[in-house]
Amino acid sequence: MMQFFKLAFKNLFHRPLNLALSLILFALGVGLISFLLLFNAQVKEKFEANLAGIDLVIGAKGSPLQLILCNMYHIDNPTGNIKIKDAKAFLNPRHPLIKKAVPLSLGDNYRSFRIVGTNHDILSLYGGQIKEGSLWKKDLEVTIGATVARKAGLKIGDAFISSHGFDEDPDLAHDHAKFKVSGILKGTGTVLDQLILTNTASIWEMHAHAEAAAEDHEDHDHSHAAADTLDPHVHDNSNLDLLAHPEEQITSILVQYKSASNYQALNMPRAINENTSMQAASPAYEINKLYDMIGTGTETIRYIALLIAVVSLISIFISLYQSMKQRKYELALLRVMGSSRAGLFLLILIEGLGIAFLGWLCGMVLSHVGMSILGNYLTEDFGYDFQAWVLLEEEWYLFFISLALGAVAALVPAWKAANTDINQTLGEK
Amino acid sequence: MLQTKDLTFQYPGGSRFSFPDLKVGAQESMLLLGRSGIGKTTLLHLLGGLMNPTSGTIVIDGGDISKKSGRELDTFRGKHIGIIFQQNHFIASLNVLENILLAQTLIGSQPDAGRAKNLLERLGIGTKVYQNVSTLSQGEKQRVAIARAVINKPGLILADEPTSALDDQNCIAVYKLLEEQAREEGSALVIVTHDTRLKSEVNHQITLQ
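Residues numbered from 1 in each chain as written. Chains lettered and ligands numbered in written order. Predicted model: local features only at pLDDT ≥ 70, side-chain atom pairs only at ≥ 80, totals over all residues. Heavy atoms only, no water.

A. Here's a closer look at the pattern of salt bridges. Residues and elements named next belong to chain B. Taken as a whole and judged by the stated rule, the model has 19 salt bridges over all chains. Residue Lys-153 pairs with Glu-185 through a salt bridge whose shortest N-O separation is 3.0 Å. Of the two residues, Lys-153 sits in the loop between helix 5 (138–150) and strand 8 (156–160) while Glu-185 sits in helix 6 (residues 168–185), which places them 32 residues apart along the sequence. Since its relative accessible area comes to 49%, Lys-153 is described here as partly exposed. Close ionic contact of Glu-201 with Lys-176 constitutes a salt bridge, the shortest N to O distance being 3.3 Å. Taken together, the residues span a long stretch of sequence, with Glu-201 in the loop between strand 9 (188–192) and strand 10 (205–207) and Lys-176 in helix 6 at a distance of 25 residues. Residue classification places Glu-201 among the partly exposed positions, given a relative accessible area of 26%. Here the residues in one salt-bridge network are Arg-115, Arg-122, Lys-153, Glu-184 and Glu-185, joined through shared partners. (Salt bridge = Lys/Arg side-chain N within 4 Å of Asp/Glu carboxyl O. Helix = DSSP H or I, 4+ residues; strand = E, 2+ residues; numbered from the N terminus. Buried < 20%, exposed > 50% of the residue type's maximum accessible area, 1.4 Å probe, protein only.)

Dropping the structure here:
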């Protein structure tokens, strides 16, 4: 048995070009499939971890998917802002259907990490806990997520200047006011890790100044109503505080129902969409729609991968079958030296399995290196961390499927090897 | 040693051969002569355990291979019979030493690299141990084939036309080499040939009619 393993691998490496061709094809097929498994599993995991029990997102009218992606996953721009007076029913703590309503105000970033004006309830949605320092209390105090602390190198007491919008741009820096880090959160594995949290009024203050400055600069005399009546100091971070400023704006409200199966709750999104200037979107519904869209793309790639797998199967078959003819004297010789028919069958079978095993190995390296490269891009662009060096259970299935494919490709050549006619072969001079 | 009795072989729907009884003791040599088509190759394959006779017995090292088949015959052949073909083939992916050791591992013995190297030394190709067989000359290949045939100390060494392609001087030299190796390992040596130059070298001769 051992001698056949050794001989099979020597034989494989004796024809390096043939081996390379079979390996490249096999590795491409396995690599693509494994990459899809890795990518899909992690995208799904990210989306699901960040659903965070949020039943509804209320924001400005526009694309519902954009509303979800912007306010829950923080990877798209806002659809616009909503006025507090329009949303006051949902911010009211006595709303009969709503358990939690977390307001979000977006618009600034620090080194591409979003600064979110909100209240302390956001922590309970994502299971966030304070690691160092304390939660924000006063205006311009921030509590930062674990990733922000690590990547931006911020510590308790550090001050920084934010810039307007969602991408880092020194020209758009708000240089009149500095945020100050009051606390750092423990890592949660959710989007919370990449956010900078502060109170809603801090965002208002930032933009009131910005707008006032812009208007001064352009020499408009008429004053901005919101800027004039501004009294942004929200002291206890509660929704009641927000309700006292009906003319101010926020970006969205994340809503958790008291009971998601309540009939009235089920009707709430439609009521909002039909009767108000705002829109309500259900995260689960929108994300499923998104899966369907991604699904069509990945399905196409999956078919291509299957096609490559079939081609590689044929390539292994041809390669082995071809070598049967070249090696018929060798095979006869092995019989002369005492090898049985079963021995020859085993030898060729191991050669097929060997190609499959090496192909699987190369494919795995390919997909995981690919995932680690793509992961870096995704982290840069969206802030989400992807794991490249994990082994999914499905990838082990892929291992056994690969070996099965190698065995199938080797079956006919192995059978032919076992039935080599030694008398005839050795009789030929 | 080798002993055959009443050996016949019938090709399916073809010619039928009857062979004279043979008896070759350990360390003895025998020449099997005959013109082409008389059944030399058939007899070689029968004696080599590469096919079964239609009737009769072939006893090698006390075992009757005419009654053996399948795996039993394969293993017996590997252990007790060493064959040197006119055209010697080797496993292309293995070097000289590995080709010889394969004859041991295929019958389940421990490979004995020391013995293999000794044999190659004795055959005058001790410097070629780690070379690829394809880089050797025809004469060197034949010596490797001899080493491979005797490595398991077989009871019978069969050589098929080992000298026909050689000049007179080399013809005698190769015969001497074979005879010497067979004597060293205690094997019976049967040379199947139509090369009449060997007639003067080997006393024990049988001509197929």
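Moving on from the model shown.
B. Representation of the side chain of Asp74(B) within the structure. Relative to the elements of secondary structure, Asp74(B) occurs in helix 2 (residues 70–80). A polar contact of 2.5 Å, which involves the side chain of Asp74(B), links it to the side chain of Arg77(B). Ignoring any residue separated from it by four or fewer positions in sequence, one finds Asp74(B) in contact with Arg335(A), Gly338(A), Ser339(A), Ser340(A) and Arg341(A). (Polar contact = N/O pair within 3.5 Å; in protein donor to acceptor, adjacent residues only side chain to side chain. Contact = heavy atoms within 4.5 Å.)

C. Main features of the sheet that holds strand 10 of chain B. Residues and elements named next belong to chain B. Judged by pairing direction, the sheet is parallel, and its five strands sit side by side in the order 7-8-9-4-10 without closing on themselves. Pairing within the sheet leaves two strands with one partner each, and these edge strands are strand 7 (81–84) and strand 10. The average angle at which neighbouring strand axes cross in this sheet is 15°, direction not considered. Pairing of strand 7 with strand 8, which is carried by four bridges, proceeds in the parallel orientation. Bridge pairing in strand 8 places Ile-83 opposite Leu-158. In this fold helix 5 packs onto strand 7 and strand 8, with an angle of close to 170° to the strand it touches most, strand 7. (Pairing = 2+ DSSP bridges. Axes fitted to C-alpha atoms, helices over the stretch in contact; angles between N-to-C directions.)

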